Amino acid sequence: MFLATLKNIFNIDDVGKRWGVRILYLFMVVINCAVHFNPLSDTNFDALYSWAEKVQASNATDTVDLSLMIIPLTEGNRIYLATVILAAFITLIASFLYSGMYIKALRENRSKLKAFGEPIESSKLAVRLLILTLFCALISLPFIVVFGSFVLLALLAVPFLLVMPSAYLSGDYGLFAAWPNVINRSKGYYLDRWRGMLIIICAYLILDFPISLVYSFSTTAYYILDSAFDCWIMLSFARFAANSYSSMMLGRRWRKMNLPGLIFSEDDDGYGNTDKLNEDKDKEE
């Protein structure tokens, strides 16, 4: 059972006809690699570190140095920071797209499961992804401020935030209706989501160490491997989020939910194996 869970979380390639996910993954890796290989970027922040030490010393002695009012960032430093933020944002949105693709493929190819509605149309998925992208861009700065100010509260909300994009991109809810509905229907799945997230985090910590050893042999190989590994982890989170949302919607306790297009059955309680999305629908029947 545990091995099946691991396979279902980390087998990111198993969605639909696979090629869409492979292209998405390649795109994410290229974007993240471009950050490190950008000839205009400057990753030397020695002047910034020195400035930070002087600011700290100035604060300790309660002295004011007007020369410290200017943060010493080169043009290359600014380009590097901008590309890092942009690549992280694109990677996040790509992971949201993966969640939508996963649920869409699941509903198309596993139609005999008892609690699925109609798969969202590709055009509607694209529109919802665009709306979600704009929404994330709008709330990103306030979210970071709130997260930094209320760390414990933010951590407690992580299992809910994890599945919000999946709920919206599935087509079951509107953007704002997804929030209360997911929170209300997450009873019994909260700790399960933490378990899945901790599994992914542990895998990251275990595998990241041998990858970091490559840096001493080849920085180019390290940047490529590290980018590929980070993107794989992000898609694993996205896959688990979509799987968790689907599992929540399949539970017997939610069979009486008034959701348009959903058909509920009391045949069994199990979620079933959803790690074989490429299984031929005709063969199942």
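Bear in mind that the values here come from a model prediction, so they are computed numbers and not experimental data.

Caption draft 1: Local environment of the overall build of the protein chain. A count of helical and extended segments in the protein chain gives ten helices and zero strands. Along the chain direction, N to C, the helices and strands of the protein chain fall in the order α-α-α-α-α-α-α-α-α-α. Each of the 285 residues in the protein chain was classed as buried or not, and the buried ones make up 39%. In the structure as shown, the protein chain presents an accessible area of about 16,500 Å², 67% of it carried by carbon and sulfur atoms.

Caption draft 2: Geometry of unusual backbone geometry. Unusually for a residue other than glycine, Arg-18 sits at a positive phi of about 75 degrees. Here Arg-18 shows up in the loop between helix H1 (2–10) and helix H2 (19–37).

Caption draft 3: Expanded view of the packing of aromatic side chains. Across all of its chains, the model carries ten aromatic pairs by this definition. Between Phe-160 and Tyr-190 the ring centres are 5.4 Å apart and the planes differ by 45 degrees, which places this aromatic pair in the tilted class. Taken together, the residues Phe-160 in helix H6 (residues 151–169) and Tyr-190 in helix H8 (residues 190–213) connect sequence positions 30 residues apart. The partly exposed category is assigned to Tyr-190, whose relative accessible area is 23%. Here the aromatic cluster, defined as three or more aromatic residues joined through ring pairs, consists of Phe-10, Tyr-204, Phe-229 and Trp-232. Positioned above the aromatic ring of Trp-19 is the side chain of Arg-22, whose terminal nitrogen or guanidinium carbon lies 4.7 Å from the ring centre.

Caption draft 4: Region of the structure containing the environment of Gly-16. For Gly-16, the position within the fold is in the loop between H1 and H2. Using a relative accessible area of 19% as the deciding quantity, one classes Gly-16 as buried.

Caption draft 5: Helix H5 (residues 122–149), seen in detail. Compared with an ideal rise of 1.5 Å per residue, which puts 28 residues at 40 Å, H5 spans 38 Å between its outermost C-alpha atoms and is within 8% of the ideal. Along its length, H5 shows its largest kink, about 45 degrees, at Ser-140, and proline Pro-142 lies within four residues downstream of that point. Every buried residue of H5 is accounted for by Leu-125, Arg-128, Leu-129, Leu-132, Thr-133, Phe-135 and Cys-136. Contacts made by the buried residues of H5 are with helix H4 (75–109), H6 and helix H7 (178–184).

Caption draft 6: The arrangement of the packing of H2 against helix H9 (residues 219–250) in detail. Contact geometry for H2 and H9: axes closest at 9 Å, N-to-C directions at 135 degrees. On the basis of the axis angle, H2 is oblique to H9. In the crossing of H2 with H9, the sense of the turn from one axis to the other is right-handed. On H9, the residues that touch Tyr-25, Met-28, Val-29, Asn-32, Cys-33, His-36 and Phe-37 of H2 are Thr-220, Tyr-223, Ile-224, Ser-227, Ala-228, Phe-229, Cys-231, Trp-232, Met-234 and Leu-235. Residues of the contact of H2 with H9, tallied by class, amount to 13 nonpolar, four polar and no charged.

Caption draft 7: The pattern of salt bridges, seen in detail. Applying the stated criterion to the full structure yields seven salt bridges. Here Asp-13 ties to Arg-22 by a salt bridge, and the two come within 3.0 Å at their closest N and O atoms. With a shortest N-O distance of 3.7 Å, Asp-14 and Arg-18 are connected by a salt bridge. For Asp-14, a relative accessible area of 2% corresponds to the buried category. A residue is classified by how much of its surface remains accessible, and Arg-18, at 27% relative accessible area, is partly exposed.

Caption draft 8: A look at the packing of H6 against H8. Relative orientation of the contacting elements H6 and H8 amounts to 90 degrees, with a least axis distance of 10 Å. Between H6 and H8, the angle falls in the class roughly perpendicular. Across from Leu-155, Leu-156, Val-158, Pro-159, Phe-160, Leu-162 and Val-163 in H6, the residues of H8 making contact are Tyr-190, Arg-193, Trp-194 and Met-197. Among the residues making up the contact of H6 with H8, the classes are represented as ten nonpolar, no polar and one charged.

The rules we used
- Residues numbered from 1 in each chain as written.
- Predicted model: local features only at pLDDT ≥ 70, side-chain atom pairs only at ≥ 80, totals over all residues.
- Heavy atoms only, no water.
- Helix = DSSP H or I, 4+ residues; strand = E, 2+ residues; numbered from the N terminus.
- Buried < 20%, exposed > 50% of the residue type's maximum accessible area, 1.4 Å probe, protein only.
- Areas by Shrake-Rupley, 256 points an atom, 1.4 Å probe, with all protein chains shown as cover.
- Phe/Tyr/Trp six-rings, centres within 6.5 Å; stacked < 30°, edge-to-face > 60°.
- Lys NZ or Arg CZ within 6 Å of the ring centre and 35° of its normal.
- Expected span 1.5 Å × (residues − 1).
- Bend = angle between axes of the 7 residues up to and from the residue.
- Contact = heavy atoms within 4.5 Å.
- Axes fitted to C-alpha atoms, helices over the stretch in contact; angles between N-to-C directions.
- Parallel < 35°, antiparallel > 145°, perpendicular 65-115°, else oblique.
- Left-handed = near helix turned anticlockwise from the far one by under 90°.
- Nonpolar A, V, L, I, M, F, W, Y, C, P; charged D, E, K, R; others polar.
- Salt bridge = Lys/Arg side-chain N within 4 Å of Asp/Glu carboxyl O.

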